[in-house]
Amino acid sequence: MQMNWGAAHEPGWLVLDIAGADPKGLAHARRWAEAQLASLAEADRVDATIVVGELLENAYVHAPGPRRLGLHLTHDPCEVTVAVADTGTGEPRLRVPGRTGGRGLLLVDELALAWGVRHHDDGKVVWARLACAGRRTG
């Protein structure tokens with residue numbers, strides 16, 4: 001499932017509006033995402049939270065900052081889609097890690113079943129879809 005600007009209004013999407021937030025808002029957004037995914041096993045919740053953090057940070061570093069964070073959880077099969085909308089025009093790409101970074105999207109690529117970007121007239125949405133084992137036990 002890819003996310004576009006209109007998908008946030010479709011059933012099943014949980015959306016946090018973070019337009020205008022500074023990078024300190026990253027911790028709040030990660031906590032929000034973790035709370036929304038509380039029904040998942042801890043390992044799945046951690047993986048999704050890592051992806052949330054990396055996509056948000058990329059929007060702060062490589063674009064004017066994120067506008068929205070979207071989450072979509074399905075149970076059959078269990079998958080989490082993370083989507084970050086921003087007003088930037090750049091294309092996310094894997095890089096060779098160095099002293100100045102380049103590891104974030106590699107983490108996303110490793111954790112996700114798929115990831116990508118959809119460009120729109122007023123920006124883009126970078127998304128990643130992760131598999132999950134299902135609801136937590138105990």
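See the structure shown above.
Residues numbered from 1 in each chain as written. Predicted model: local features only at pLDDT ≥ 70, side-chain atom pairs only at ≥ 80, totals over all residues. Heavy atoms only, no water.

J.: Can you tell me about the overall build of the protein, naming the residues and giving the values?
T.: Helix and strand counts for the protein come out as three helices and five strands. If you list the helices and strands of the protein from N to C, you get β-α-α-β-β-α-β-β. Split into buried and exposed, the 138 residues of the protein put 43% on the buried side. Residue pairs at least 24 apart in sequence account for 64% of intrachain contacts in the protein once pairs closer than 6 positions are excluded. (Helix = DSSP H or I, 4+ residues; strand = E, 2+ residues; numbered from the N terminus. Buried < 20%, exposed > 50% of the residue type's maximum accessible area, 1.4 Å probe, protein only. Contact = heavy atoms within 4.5 Å.)

J.: Requested: an account of the pattern of salt bridges, with residues and values cited.
T.: Here the structure, examined in full by the defined rule, presents four salt bridges. Note that Arg-67 and Asp-122 form a salt bridge whose closest N and O atoms lie 3.6 Å from each other. Linking Arg-67 in strand S2 (residues 66-75) with Asp-122 in the loop between strand S4 (114-120) and strand S5 (123-131), this pair joins segments that are 55 residues apart in sequence. Residue class for Arg-67 comes out partly exposed when judged on its relative accessible area of 27%. When its relative accessible area of 41% is taken as the criterion, Asp-122 is described as partly exposed. Note that Asp-86 and Lys-124 form a salt bridge whose closest N and O atoms lie 2.9 Å from each other. With Asp-86 in strand S3 (residues 78-86) and Lys-124 in strand S5, the pair connects residues that are 38 residues apart, well separated along the chain. (Salt bridge = Lys/Arg side-chain N within 4 Å of Asp/Glu carboxyl O.)

J.: Outline the state of the cysteines, supporting the account with residue identities and numerical values.
T.: The term disulfide refers to a covalent linkage connecting the sulfur atoms of a pair of cysteines. This structure, assessed with the given rule, holds one disulfide. Across the disulfide from Cys-78 sits Cys-132; the S-S distance is 1.9 Å. Disulfide Cys-78-Cys-132: the torsion about the S-S bond is -100°, which places it as left-handed. Separated by 54 residues along the polypeptide, Cys-78 in strand S3 and Cys-132 in the segment after S5 bring together distant segments of the chain. The class for Cys-132 is buried, based on a relative accessible area of 13%. (Disulfide = S-S within 2.5 Å.)

J.: Please give an account of a nonpolar patch on the surface that cites residues and values.
T.: Nonpolar side chains collect at one region of the surface, where Val-46, Ile-50 and Leu-107 lie side by side and expose about 210 Å² of accessible area between them. As for its position among the elements, Ile-50 is in helix H2 (residues 42-62). Owing to a relative accessible area of 32%, Ile-50 belongs among the partly exposed residues under this scheme. (Patch = residues over 30% accessible without salt bridge, like charges linked within 9 Å, V, L, I, M, F, W, Y side chains within 5 Å. Areas by Shrake-Rupley, 256 points an atom, 1.4 Å probe, with all protein chains shown as cover.)

J.: Account for the side chain of Glu-54, naming residues and giving values.
T.: Considering the arrangement of structural elements, one finds Glu-54 in helix H2. Of the side chains with opposite charge, Arg-30 lies nearest to the buried Glu-54, which makes no salt bridge, at 7.7 Å. Residues contacting Glu-54, with those up to four places away along its chain left out, are Gly-104, Leu-107 and Val-108. (Lys, Arg positive; Asp, Glu negative; His and termini not counted.)

J.: Let's hear about the nonpolar core: which residues, and what values?
T.: Leu-55, Leu-56, Leu-69 and Val-82 are the most contacted members of the largest nonpolar core, which has 28 residues in total. Of all the secondary structure elements, the ones that give two or more residues to this core are helix H1 (25-36), H2, S2, S3, helix H3 (104-111) and S5. For this core, the element with the highest residue contribution is H2, accounting for seven residues. Those residues in contact with Val-82 that lie beyond four places of it in its chain are Ala-48, Val-51, Val-52, Leu-55, Leu-69, Gly-70, Leu-71, Val-126, Trp-127, Ala-128 and Leu-130. Residues Trp-13, Ala-83, Ala-85 and Val-125 belong to the second largest nonpolar core, which totals five residues. (Core = buried A, V, L, I, M, F, W, Y, C linked by side-chain atoms within 4.5 Å.)

J.: How would you summarise the pairing of S5 if you had to cite specific residues and measurements?
T.: Counting buried positions along S5 yields eight of nine residues, so the element is predominantly enclosed. Direction of pairing for S3 relative to S5: antiparallel, over a ladder of eight bridges. Across the sheet, Glu-79 pairs through a bridge with Ala-131, a residue of S5. Inspection of the sheet shows S4 paired to S5 by seven bridges, in the antiparallel sense. Considered in S5, the bridge of Trp-115 is made with Ala-128. Hairpin connection from S4 to S5: two residues lie between these consecutive antiparallel strands. (Pairing = 2+ DSSP bridges.)

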